[in-house]
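# Remarks on the overall topology
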Amino acid sequence: MNCRCLVLLCLLSLEAGAEIRWTGVTGNGLWADPGNWENGILPGNADDVILDNSLLAADYTVRLPDFAVTVRSLQVVPGPFNAIIAELPITNLVSSASGSLAERALTTTGNGYSLIIGRGAVFINASGSSSGYSLRLNDSLRVDNGGTYIHRTRTGHAELVQFLSRKTGTENGVFRFENTDAASIVSLSGRVYGSLQLSAAATANGTTTYSASGTNPVIIRGDLALEQGVSFAINLDDTIMVSGNLVMNNAVFNMASGNRSSVLQLAGDWLQTGGAIAETNLQQKTGTILLQGSALQKIQCTGGVTDSIIVVLKNKAGAILQNPLSLPYILKLDEGILTTSTTQLLTIGARGVVKADSSILSSYINGPIKKIGLANSYFLFPVGRNGSLRWLSLQNASGDITAEYHPGSAYAIGNTLDPALDHISKLEYWSLLGESATVAHVGLSFNNELSGGVSDLASLRVAAWSGGQWNDAGNQATTGAASGDGSVVSILLNGVGVSGKFFTLASSSSLTNVLPVLMEMQWMDQKLDRWFCNWKVDGNPEADYFAIELSGNGLSYNTVAEVKAIRNQQLYQQVIPAMWKSGFCRIRVINRQGSAMHGDVMRFGQSYPDVQEVSVLHPAGTNFIQFNSDRERVVAMQLLDQGGRIIVRDNLRLHPGVTGYTLSGISLPPGIYFLQLKDKQGQVQVKKLFF
C-alpha cells in the first residue's frame, strides 16, 4: 500500500509540473536528448524549463527539435559571466495560422512571462516554415537588458511584439530582425519595443528591405539600429519615439515612402555611418528628425540627408556636430544650441532654410554655418555664442557663404577707423567667408545689453573691415528700437565674403551707442578680514557708474555698492561689506544713456589649495578664466591647443585671492586646450581646459 501511494504521489508531482534544468551531459546540445536534462527526463507540457549555469558552468547552445514542443514556461538566464543560446532550427517546419489552435514549434502555457530571455541570453527563431506563426506564447515575452531575441524566419512576429514586456530592466532588451528574404513587413504601428535592430545578415546577398505603415505612435525604449545593407521604408502618420540612439551603418532610412509624414523623436545620439536618410513620395510628404533629449546630443553623421527631410532641435542641453553635416531642406531651432566648428561644419543646401525665432536668445548656431546656392536672395544666419543669439542676415546675396559670430573686441581685427566712424564694438563682430565675392546688404542684430548699449539708431552703423581699416558700411535701414533689440542693415556692399570678411556694429557719433566700456581685468583680494573687489576698464568716457552686486548662490544678486566712474580713470576698488565672508561678486557697468553690461562672475571666500598651486576655474562656454592664488605673484601664461600651437601668450599679475582674466578678441573651436603657467622660479603648472 505504501509503495502504491508513493507511485501515485510521484505521478501527481509530474502532472503538476516541475522546474527542469539543462545539464548538457551528453554534449550534443540537443533539446530532444534526455541525457542533457536534469534527472534524464525531457521537459513536459507542465514543466518550467530553465536554461542557466547552475548545473553547467560553461557557455552552451541548445537546439530545439524538429517537432512541436510545449512547456509551461522557458527561461534562458545565464550566469553573470556566461552566454546561452536557444535556437529553433531552420529544419523545424511546424507552424499554424494566427488564431489557430493547431500546434506550433514552441508553445508556452503558463501565465505571466512565459518566455524570458535574460542578460547574456539569445533566442534564435530560425523556423523554416514560410507562413503562419512558429511560436505561441500564452502570455508575454520578456527580453531583459543584455538579452536578445532574433527573428530569422518568414513566420509572423506581430503576436510576439503585441505582448513584449515593458517592465523596468527591459529598456535595452533587443528584438532583432534578420529577414531571410528580399523584403519583409515589420509590425511597428502602436508597438512598444526595447531596442529594435534591423539586419540583412541572413540574406543571400547581404541586402534586404523592411517596411512598416500605420497611424499610431511607436515607442522604442532603447536604440533603433539599421545595419549594413538594410533599407527601411515607413509610411507612418505619427511619431517614432526613440529613447536611445539612432544607429545606422550604411543603411537607407526612407521616412516617407507613401502618403504620410513621419517624425523620429530622438532622445539619444544620431550616429550614422554612410547610407542615407531620405523620403521618396510624390505627395509632398516629409520626414522629421526631432532632437528632443534631456542631455547634450551628439550628431555623428558621415552619411547623407536628402530630399525633404526636416531636422528640429528642441533640447535645452543642445546638440553638437562631430562630423560635417549637410542639410537639404529645413533646420528648425525650437530650443537649444547647435554647436559646430570649422572642421565639423554645418552646411545648408541650395533650397534649404533655417527657421529660428529671433526673440529666443537661447537657440542658435554656436560656431560657423555655411549656406550654399544663394541666388540674389535673403538668408538669416542664426549664429551666436555664450548663451545668446546674435544673428546676421544677407540680402541680395549670391554664391556660397560661411558666417560666424565672434564675442570679442572688433579692435582685435584692427584699430584703424574710417573718419566717418567714431568707434566700433568692443564686444562682438561677425565673419563672412565666401568662395567668391558677392554683392549684398549685410544686416547685424543688436541687443541693448549684450551689444553694450545701443542708444541711437540714426547714428548706428555697420562697419566692414576692408583695405586695412574699418569702413563705414552705412545704415540703410533699422529695425527695433534704441535701448532694446533690433538690427541695422548696410548699404549694398561689394566683395562680401572675400575682401570684406569682418563686420561689426559702429557709431558715427561719440555721444551715442557706447558699444561698450570694456572690462579689461577684474579680481578679488582679501586684506585682514575684509574682501575687496577690483577692476580695470579701458577708460571710455561713456561709463556713468559701477554697481557691485553680490550673491550667496550665484543665481540672484543684490547691489551692495555703487562707484562713480571718473573720466580717464582705469583702476577701481570697492570694499565688500564685512558680513560677506564668501559668495559671488559681479560688476555692472551703467552707461550715461542708462544701458548696462555685466562683467564676469567672481567667486570669493572658498578654501584655496596648497601654496604651490594656483587653482583655475573656467566656466564652460565662456572666454573667462578665474585664478585663485594664495599670494601675489607674476606668472607667464600660455594657452595651447592639442597640437601644441600657442593661441594666447601673456604675463599676469595674480593678486591674493581671485583674479579674473578674459581671452579677448578670439573665438576658439570647441575642444580641449592646455593652460600653462610658469612663475619666476621656473615652476610650471599645466591645466586642461574645455572650450
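What counts as what
Residues numbered from 1 in each chain as written. Predicted model: local features only at pLDDT ≥ 70, side-chain atom pairs only at ≥ 80, totals over all residues. Heavy atoms only, no water. Helix = DSSP H or I, 4+ residues; strand = E, 2+ residues; numbered from the N terminus. Rg over C-alpha atoms; globule rule 2.2 N^0.38 Å. Buried < 20%, exposed > 50% of the residue type's maximum accessible area, 1.4 Å probe, protein only. Contact = heavy atoms within 4.5 Å. Areas by Shrake-Rupley, 256 points an atom, 1.4 Å probe, with all protein chains shown as cover. Lys, Arg positive; Asp, Glu negative; His and termini not counted. Charge placed at Lys NZ, Arg CZ, Asp CG, Glu CD. Phe/Tyr/Trp six-rings, centres within 6.5 Å; stacked < 30°, edge-to-face > 60°. Lys NZ or Arg CZ within 6 Å of the ring centre and 35° of its normal. Pairing = 2+ DSSP bridges. Core = buried A, V, L, I, M, F, W, Y, C linked by side-chain atoms within 4.5 Å. Salt bridge = Lys/Arg side-chain N within 4 Å of Asp/Glu carboxyl O. Polar contact = N/O pair within 3.5 Å; in protein donor to acceptor, adjacent residues only side chain to side chain.

## Things to note about the overall build of the chain
Along its length, the chain carries two helices and 65 strands. The C-alpha radius of gyration of the chain comes to 34 Å, more than 25% above the 26 Å expected for a compact globule of 691 residues. Taken over the C-alpha atoms alone, the chain extends approximately 115 × 65 × 40 Å along its principal axes. Across the 691 residues of the chain, 52% fall into the buried class. Across the chain, every contact between residues at least 6 apart in sequence was considered, and the portion connecting residues at least 24 apart equals 61%. Within the structure as shown, the chain displays about 28,800 Å² of accessible surface, and the carbon and sulfur contribution to it stands at 52%. Where the 49 positive side-chain charges of the chain centre and where its 53 negative ones centre are 3 Å apart.

## With respect to the packing of aromatic side chains
Within this structure, the stated rule accounts for 17 aromatic pairs. Centroid distance W535 to Y572: 5.6 Å. Interplanar angle 10 degrees. Geometry classified as stacked. With a gap of 37 residues between them, W535 in strand 52 (residues 530–537) and Y572 in strand 55 (residues 571–575) connect regions that are remote in the sequence. The same class applies to W535 as to Y572, namely buried. Grouping aromatic residues by their ring pairs yields a cluster made of F123, Y149, F175, F177, Y193 and Y210. In this structure, R586 packs its charged tip against the face of Y557, placed 4.1 Å from the ring centre.

## Quick look at the sheet that holds strand 23 (residues 252–254)
The six strands lie next to each other as 14-17-20-23-26-29, forming an open sheet whose pairing is parallel. On the outer flanks of this sheet lie strand 14 (183–185) and strand 29 (304–305), each paired with one strand and no other. The pairing of strand 26 (residues 276–278) with strand 29 spans two bridges and is parallel. Note that in strand 29 the partner of A276 across the bridge is G304.

## Comments concerning the pairing of strand 12 (residues 148–151)
Burial along strand 12 is two-sided: T148 and I150 facing one way and Y149 and H151 facing the other are all buried. Pairing between strand 9 (residues 121–125) and strand 12: four bridges, direction parallel. Each bridged residue has a counterpart across the sheet, and for V122 the counterpart in strand 12 is T148. Pairing of strand 12 with strand 13 (residues 174–178) involves four bridges; the strand directions are parallel.

## Side note on the environment of P670
Topologically, P670 is positioned in the loop between strand 63 (657–662) and strand 64 (672–679). Distance in space between the C-alpha atoms of P670 and G367 is 8.7 Å, their sequence separation being 303 residues. Setting aside residues up to four positions removed in sequence, P670 forms contacts with T339, T340, S341 and F691.

## Quick word on the nonpolar core
Counting 107 residues, the largest nonpolar core has L51 and W270 as its most contacted members. If one sorts the elements of this core by residue count, strand 41 (residues 392–406) sits on top with six residues. Those residues in contact with L51, other than ones at most four positions away along the chain, are W22, W37, Y60, V62, L74, Q75, V76, V77, P78, I84 and A86.

## Here's the deal with the pattern of salt bridges
A complete count under the given rule lists 17 salt bridges for this structure. For the salt bridge of D144 with R142, the shortest nitrogen-to-oxygen distance reads 2.8 Å. Classification of R142 by relative accessible area gives buried; the value is 16%. Among the salt bridges present, the one from E227 reaches R176, with a minimum N-O distance of 2.5 Å. With E227 in the loop between strand 19 (224–226) and strand 20 (230–236) and R176 in strand 13, this pair connects stretches of sequence that are 51 residues apart.

## Some remarks on the side chain of R191
For R191, the position within the fold is in the loop between strand 14 and strand 15 (192–193). Residues in contact with R191, not counting those within four places in the same chain, are A158, V161, Q162, P217, V218 and I219.

## Comments concerning the sheet that holds strand 36 (residues 353–356)
Spatial strand order, 15-18-21-24-27-30-33-36: eight strands in an open sheet with parallel pairing. Strands with a single pairing partner mark the edges of an open sheet, and in this sheet they are strand 15 and strand 36. By the bridge criterion, two bridges tie strand 15 to strand 18 (residues 218–220) in an arrangement that is parallel. Each bridged residue has a counterpart across the sheet, and for Y193 the counterpart in strand 18 is I220.

## A closer look at the environment of S199
Turning to its location among the elements, S199 is positioned in strand 16 (residues 195–199). With a relative accessible area of 1%, S199 lands in the buried category. Along the chain, S199 and T91 lie 108 residues apart, while their C-alpha atoms are 22 Å from each other. Residues within four places of S199 in sequence aside, it is in contact with R176, F177, E178, N179, T208, Y210, E227 and V230. At a separation of 3.0 Å, a polar atom in the side chain of S199 contacts the main-chain amide nitrogen of A201. A distance of 3.1 Å separates a polar atom in the side chain of S199 from a polar atom in the side chain of E227.

## Quick look at the pairing of strand 6 (residues 84–88)
Alternating residues of strand 6 divide into I84, A86 and L88, all buried, and I85 and E87, none buried. Relative to strand 6, strand 3 (residues 60–63) runs parallel, the two sharing four bridges. Its bridge partner lying in strand 6, R63 is registered against E87. Here strand 6 pairs with strand 9 via five bridges, running parallel. Looking at the pairing, E87 lines up with I124 of strand 9.

## Re the environment of W270
Tracing the chain through its elements places W270 in strand 25 (residues 270–273). Take W270: its relative accessible area is 0%, and that puts it in the buried class. Linking W270 and A183, residues 87 residues apart in sequence, is a C-alpha distance of 26 Å. Excluding anything up to four places from it in sequence, W270 contacts L246, I277, I289, L291, K298, I299, Q300, C301, V305, V311 and L325. Polar contacts involving the side chain of W270 include one to the side chain of Q272, which spans 3.1 Å.

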